[in-house]
Amino acid sequence: MDDDLITERRRVAFPQVFGYLRHVAGGLRRHLALVHCLTEYCDRHELALCGVFTERDSTVIIRSPAFVGLLDALELPDAYGAVVPALSHLGPKSLGTERKRQITAAGARLIVVRHLTPTPESTSSLGASHSFRLLGDA
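Each value, and the rule that gives it
- Residues numbered from 1 in each chain as written.
- Predicted model: local features only at pLDDT ≥ 70, side-chain atom pairs only at ≥ 80, totals over all residues.
- Heavy atoms only, no water.
- Helix = DSSP H or I, 4+ residues; strand = E, 2+ residues; numbered from the N terminus.
- Contact = heavy atoms within 4.5 Å.
- Salt bridge = Lys/Arg side-chain N within 4 Å of Asp/Glu carboxyl O.
- Buried < 20%, exposed > 50% of the residue type's maximum accessible area, 1.4 Å probe, protein only.
- Core = buried A, V, L, I, M, F, W, Y, C linked by side-chain atoms within 4.5 Å.
- Phe/Tyr/Trp six-rings, centres within 6.5 Å; stacked < 30°, edge-to-face > 60°.
- Pairing = 2+ DSSP bridges.
- Right-handed = clockwise from strand over helix to strand, strands pointing away.
- Axes fitted to C-alpha atoms, helices over the stretch in contact; angles between N-to-C directions.
- Parallel < 35°, antiparallel > 145°, perpendicular 65-115°, else oblique.
- Left-handed = near helix turned anticlockwise from the far one by under 90°.
- Nonpolar A, V, L, I, M, F, W, Y, C, P; charged D, E, K, R; others polar.

**Looking at the overall build of the protein**
Okay, step 1: A count of helices and strands for the protein gives 4 helices and 4 strands.
Okay, step 2: Of the contacts formed within the protein by residues at least 6 apart in sequence, a portion of 72% connects residues at least 24 apart.

Written out as structure tokens, the structure reads:
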């Protein structure tokens, strides 16, 4: 029998992800709820949330300081991807499309916690995804 440790007994690092929020309206409680949403999702899916970049300026520009910070973090050797609560956090449609392209061009994955329209697989009892979380619902 091989004396090597089995995977469950080895130290395995969770994939490192970085959060991105576009939070230009709302208070501290809303921001904390969004960060909690990302943290909870990463915990459930065994992802290491290494930081959250928050866009607070309502100006719509592709290379905002927070987004540039995210792209820089995604260039780190152990970075796996970016996580957002919903695609709308990347900005309006044309801006969001360009930001998605830049994230994937960096070799990172874009992980979306909550999609706007559930797929048939996500609504069946066997294929239900835990990634759907409606913020603000009790």
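From this point, things continue past the structure.
**Quick notes on the pattern of salt bridges**
Okay, step 1: For the coordinates displayed, the defined rule picks out 2 salt bridges.
Okay, step 2: For arginine 44, the salt bridge goes to glutamate 40, with nearest N and O atoms at 3.5 Å. Highlighted residues: arginine 44 and glutamate 40, both in helix 1 (residues 28–44), separated by 4 residues, approximately one helical turn.
Okay, step 3: Arginine 44 sits in the partly exposed class, given a relative accessible area of 37%.
Okay, step 4: One salt bridge in this structure joins glutamate 98 and arginine 101, with 2.7 Å as the shortest N-O distance. Here glutamate 98 pairs with arginine 101, and both are found in helix 3 (residues 93–105), just 3 residues apart, close to one helical turn.
Okay, step 5: The class for arginine 101 is partly exposed, based on a relative accessible area of 45%.

**Describing the environment of leucine 38**
Okay, step 1: If you trace the backbone, leucine 38 turns up in helix 1.
Okay, step 2: Accessibility expressed as a relative area gives 0% for leucine 38, which makes it buried.
Okay, step 3: Discounting residues that sit within four places of it in the chain, leucine 38 has contacts with Gly19, Tyr20, Leu21, Leu49, Val52, Val83, Val84, Pro85 and Val113.

**Observations concerning helix 2 (residues 65–74)**
Okay, step 1: The buried count for helix 2 comes to 7 of 10 residues, which makes it a mostly enclosed element.
Okay, step 2: On its buried face, helix 2 is in contact with strand 1 (16–22), strand 2 (48–55), strand 3 (79–84) and helix 3.

**A word on the nonpolar core**
Okay, step 1: Core analysis: the biggest nonpolar cluster contains 15 residues, and Phe18, Tyr20, Phe67, Leu70, Leu74 and Ile103 have the highest contact counts within it.
Okay, step 2: Those elements that provide at least two residues to this core are strand 1, helix 2 and strand 3.
Okay, step 3: Ranked by size, the runner-up nonpolar core spans 11 residues in total, among them Cys37, Tyr41, Ile111 and Val113.

**Details of the packing of aromatic side chains**
Okay, step 1: Enumeration over the complete set of coordinates arrives at 2 aromatic pairs.
Okay, step 2: Taking the centre distance of 6.3 Å and the plane angle of 45° together, the rings of phenylalanine 18 and phenylalanine 53 count as tilted. Residue phenylalanine 18 is located in strand 1, and its partner phenylalanine 53 is located in strand 2; the two are separated by 35 residues in the primary sequence.
Okay, step 3: Residue classification places phenylalanine 18 among the buried residues on the basis of a relative accessible area of 7%.
Okay, step 4: Take phenylalanine 53: its relative accessible area is 23%, and that puts it in the partly exposed class.
Okay, step 5: Ring plane angle 85° and centroid distance 5.6 Å describe the contact between tyrosine 20 and phenylalanine 67, whose orientation is recorded as edge-to-face.

**Thoughts on the pairing of strand 2**
When a strand is regular, its side chains alternate between the sheet's two faces.
Okay, step 1: Sheet analysis places strand 1 next to strand 2, joined by 6 bridges and oriented parallel. What sits directly across from tyrosine 20, in strand 2, is phenylalanine 53.
Okay, step 2: As for the winding sense of the linkage, the β-α-β connection from strand 1 through helix 1 to strand 2 is right-handed.

**Side note on the packing of helix 2 against helix 3**
Okay, step 1: Here helix 2 crosses helix 3 at 20°, and the two axes come no closer than 10 Å. As far as their axial angle goes, helix 3 and helix 2 are roughly parallel. Helix 2 and helix 3 meet at a crossing whose hand is right-handed. Contacts from Phe67, Leu70, Leu71 and Leu74 of helix 2 reach helix 3 at Arg99, Gln102 and Ile103.
Okay, step 2: Its residues assigned to classes, the contact of helix 2 with helix 3 shows 5 nonpolar, 1 polar and 1 charged.

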